[in-house]
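# A look at the structure
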Amino acid sequence: MGNKFTSGKIAIADCDRCGQQFQLKKLKALVIRTKITNIMVCPQCWEPDHPQNMQGMYPVYDPQALRDPRPDLLMYPNSPSRGIQWGWNPVGFNNVLQLPIPDNLEAQGGVGNVTVTTS
Ligand SMILES: [Zn+2]
């Protein structure tokens, strides 16, 4: 008994995505969610299975909550991580919690003396 299928070395087929004709052996099957589909596409239309399609397939342990959280004591201006103040509406340091923090954003300035001499 021979093979049930011909070699197909000169067979022509249409890409299932763009519709252009290609040699059948150049078309590749799309893989979606790790399953090989019956969608045969040309090399330009073929794309690898995107990892985003595999959401929920594998257990992910990524907890976000923190047990026994503590207040952020680094909020004070002398700490190295929060030495920069920022704020708007109104412009200036917005001390919502009324913490004993000086407002470094308050503008201060002055005008010197000018002496005008006429002769
Ligand atoms: Zn195509």
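So, a few notes on the structure that sits alongside this text. Computed from a predicted model, the values in this text were never measured in an experiment.

Let us look at the overall build of the protein. Looking only at helices and strands, the protein has 0 helices and 4 strands in total. Ordered by position in the sequence, the α and β elements of the protein form the string β-β-β-β. When the 119 residues of the protein are sorted by exposure, 13% land in the buried category. By sequence separation, contacts in the protein at least 24 residues apart represent 21% of the contacts at least 6 residues apart. Total accessible area on the protein is roughly 11200 Å²; 56% of this is exposed by carbon and sulfur atoms.

A separate point is the coordination of the zinc ion. In the first shell of the zinc ion, the protein supplies C15 (SG), C18 (SG), C42 (SG) and C45 (SG), at 2.3 Å from the metal. One can describe the donor arrangement at the zinc ion as tetrahedral, given that its 4 donor atoms subtend angles of 99 to 118 degrees at the metal. Written as a sequence motif, the donor residues of the zinc ion are C-x2-C-x23-C-x2-C. The class of C45 is buried, set by a relative accessible area of 14%.

Reading the values: the criteria
Numbering of residues starts from 1 in every chain and runs along the sequence as written. The model is predicted, so local features are restricted to residues of pLDDT at least 70 and side-chain atom pairs to those at 80 or more, both for listing and for counting; the totals for chains, interfaces and linings are taken over all residues. Hydrogens and waters are ignored; side-chain quantities use all the structure's heavy atoms. Helix and strand assignments follow DSSP, with helices taken as H or I runs no shorter than four residues and strands as E runs no shorter than two, numbered in order from the N terminus. Only protein chains enter the area calculation, which uses a 1.4 Å probe; residues under 20% of their type maximum are buried, those over 50% are exposed, and those in between are partly exposed. The contact rule is simple, with two residues in contact once any of their heavy atoms fall within 4.5 Å. Reported accessibility uses the Shrake-Rupley method at a 1.4 Å probe radius. Residues are deemed covered only where the shown protein chains occlude them. Metal sites are built from N, O and S donor atoms within 2.8 Å, or 3.2 Å for Na, K and Ca, and they leave out water, so they may look incomplete. Under the classification used here, a metal with four donors is tetrahedral if each angle lies between 85 and 135 degrees, square planar if opposite donors are over 155 degrees apart and the others between 65 and 115, a six-donor metal meeting that same test is octahedral, and anything else is irregular.

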